[in-house]
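The lines below spell out each chain.
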Amino acid sequence: MTLPISTEDEIFDLESKLEKTRLKLLDLTTMGALITSILNLETILSVVMEMSIRTVDGEVGLIQLEENGELVSKITWGVDDTVIRNIIYRDDKNVADYCFIRQEPVVMSDFGHNTDLGPNLTSLLALPIKSRSQCHGVIVIINKTTDELFTDEDQKNLEMLINFAAVAIDNSILLKESLQKQKIEQELTIARQIQETILPNSAIKIKGVDIGRLYRPARSVGGDFYDIVKLSDSEFVIIVGDVSNKGIPAAMLMAASIAIIRCELMKCPDISPGTLMNNLNNVLCSRIIKSHDMFVTMFIAHINLDSREIVYCNAGHLPPLFWDSGRREISEWRPGGTFVGQFPDMQFKEDTMVFNPGDRFLAFTDGITEAEDINGRQFGTERLKRMFLREIDMSAEKFCSHVRDQVDRFTEGAGEEPFDDLTLLAIRMLRDDQK
């Protein structure tokens with residue numbers, strides 16, 4: 001028995017269509033595998049554009065991705081995005097915006113007029129480029145090279161290809177974020193190593209002086225720093241500073257500041273704090289700091305145990321506290337000038353204080369005074385003053401630990417980590433019975 005010719009033709013046509021479909025799916029799968037193997041976003045978009053045009057026999061097209069809430073053209077083939085912006089679809093939205101906002105395909109074949117801004121429009125196919133996590137943008141194809149209209153099959157084939165594109169874009173974004181995180185971690189490691197080199201790594205012993213210190217960065221790398229430079233058995237210089245930035249820029253600026261100060265002290269141990277601050281400021285302004293939002297607040301003091309004099313200069317830093325045991329009163333050391341690193345040829349003032357055994361000194365950064373409790377109230381300078389006044393006989397190291405504990409108790413529940421770095425440098429001039 002032989003089948004009618006018409007039936008044989010139908011079977012042949014069906015087999016032919018099935019084979020074409022199979023080959024098409026194989027082609028799309030191959031293209032998808034290629035797309036998802038690419039990690040560079042620009043390359044992904046370029047390949048997707050070329051494959052999309054070929055898959056649906058398109059004439060021209062473009063790919064737009066979302067940036068800061070707006071669609072931005074990334075790849076354009078033969079059509080300007082001005083054309084797309086002027087093709088209004090529904091709800092007064094152009095075809096690309098509508099497709100992106102609603103996250104649904106748009107197929108158009110009735111435009112009602114031809115536009116003089118681009119190609120002679122006959123058919124348009126727009127698809128959202130969306131993954132499980134988000135909608136990245138849209139692809140728009142205009143006109144078929146065959147002068148036919150886009151079909152449901154065109155839409156399905158393009159959707160399959162765009163699904164691969166969305167996965168590739170996700171992978172590219174994840175890789176970029178991973179590399180960025182890795183870069184940040186590497187930068188923090190470098191900055192932390194720089195800081196560890198800058199900060200004194202062992203207790204400095206000076207006869208007749210009790211020195212306490214506390215340094216705790218809010219994060220892995222902070223902007224505070226301090227140094228103690230011993231010039232002789234009876235003379236030493238203390239430095240406390242705060243850089244206006246964080247990370248590697250701050251660490252580099254810290255390193256530069258300390259290096260300049262140490263170099264100046266090596267050349268001239270008798271250099272006064274005011275002159276030292278002048279020189280530091282000029283070097284930072286002329287050779288180091290290039291940004292207007294970076295500067296350093298700093299306090300420098302030269303302490304001479306033989307003459308019992310402290311010569312100091314304060315460059316925009318929080319005034320250190322001085323306890324005069326004879327008068328039994330606290331004073332603040334303010335003379336100096338503005339911060340260093342922004343205004344060249346600035347002249348910094350200095351002042352001299354005479355101390356006696358039993359006197360105490362405390363330098364600190366704003367991470368202590370500006371620490372906030374759960375209600376947003378600050379720890380404040382007055383609270384620190386009361387502690388400084390109350391704990392007269394406490395050792396310098398123990399006092400620093402006591403302040404840290406009080407700040408931690410004050411800020412408990414206010415946040416997972418400190419808002420800013422904590423730095424304290426405390427000095428007690430020992431009496432004979434304490435030596």
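Computed from a prediction, not measured in an experiment: that's the story for all the values here.

Engineer: Which parts of the structure should I look at to understand the side chain of Lys 144?
Structural biologist: Tracing the backbone shows Lys 144 in strand S7 (residues 135-144). Non-local contacts of Lys 144, meaning those with residues more than four positions away in its chain, are made with Val 56, Asp 57, Gly 58, Glu 59, Leu 149, Phe 150 and Asp 154.

Engineer: Just checking my understanding: could you explain a negative patch on the surface for this structure?
Structural biologist: Judged by side-chain charge, Asp 57, Glu 59, Asp 147 and Glu 148 come together as a negatively charged surface patch. Note on Asp 57: relative accessible area 37%, which makes it partly exposed.

Engineer: What is the right way to read the pairing of strand S1 (residues 58-67) from this model?
Structural biologist: Each regular strand carries side chains that alternate between the two faces of the sheet. Of all 10 residues in S1, seven are buried; the element is thus mostly enclosed. Pairing geometry for S1 and S7, over seven bridges, is antiparallel. By the bridge assignment, Gln 64 is partnered in S7 with Val 138. The pairing of S1 with strand S2 (residues 70-77) spans seven bridges and is classified as antiparallel. If you follow Leu 62 over to S2, its bridge partner there is Thr 76. Linking S1 to S2, which pair antiparallel, is a turn of two residues; within it Asn 68 sits at a positive phi near 55°.

Engineer: Could you clarify how one ought to interpret the environment of Phe 236 in this entry?
Structural biologist: Structurally, the position occupied by Phe 236 is in strand S10 (residues 235-243). Residue classification places Phe 236 among the buried residues on the basis of a relative accessible area of 0%. Spatially, the C-alpha atom of Phe 236 lies 9.5 Å from that of Pro 269, the residues being 33 residues apart in sequence. Among all residues touching Phe 236, those that are not within four sequence positions of it are Ile 206, Val 209, Ile 228, Val 229, Lys 230, Leu 231, Ala 301, His 302, Ile 303, Leu 305 and Ile 427.

Engineer: Just to check I follow, could you spell out the nonpolar core for this structure?
Structural biologist: Generally speaking, soluble globular proteins have nonpolar side chains that are buried together. If you look at the biggest cluster of nonpolar residues, it comprises 53 residues, and the most contacted ones within it are Phe 225, Phe 236, Ile 238, Met 277, Met 298, Ile 303 and Ile 427. If you tally residues by element for this core, the top one is helix H6 (residues 247-267), at eight residues. Apart from the residues within four sequence positions on either side, Ile 427 is in contact with Val 209, Asp 210, Ile 211, Phe 236, Ile 238, Ile 303, Asp 359, Arg 360 and Phe 361.

Engineer: Got a minute to help me understand unusual backbone geometry in this structure?
Structural biologist: A negative phi angle characterises most non-glycine residues, just as the trans form characterises most peptide bonds. Phi at Asp 92 is positive, roughly 60°, even though this residue is not glycine. Positive phi, normally seen in glycine, also occurs at Arg 308, with a value near 55°. In this structure, Arg 308 sits in the loop between strand S11 (296-304) and strand S12 (309-315). Judged by relative accessible area, which is 35%, Arg 308 ranks as partly exposed.

Definitions and limits used
- Residues numbered from 1 in each chain as written.
- Predicted model: local features only at pLDDT ≥ 70, side-chain atom pairs only at ≥ 80, totals over all residues.
- Heavy atoms only, no water.
- Helix = DSSP H or I, 4+ residues; strand = E, 2+ residues; numbered from the N terminus.
- Contact = heavy atoms within 4.5 Å.
- Patch = residues over 30% accessible without salt bridge, like charges linked within 9 Å, V, L, I, M, F, W, Y side chains within 5 Å.
- Areas by Shrake-Rupley, 256 points an atom, 1.4 Å probe, with all protein chains shown as cover.
- Salt bridge = Lys/Arg side-chain N within 4 Å of Asp/Glu carboxyl O.
- Lys, Arg positive; Asp, Glu negative; His and termini not counted.
- Charge placed at Lys NZ, Arg CZ, Asp CG, Glu CD.
- Buried < 20%, exposed > 50% of the residue type's maximum accessible area, 1.4 Å probe, protein only.
- Pairing = 2+ DSSP bridges.
- Core = buried A, V, L, I, M, F, W, Y, C linked by side-chain atoms within 4.5 Å.

In short, the description is geometric, and any link to function would need to be established separately.
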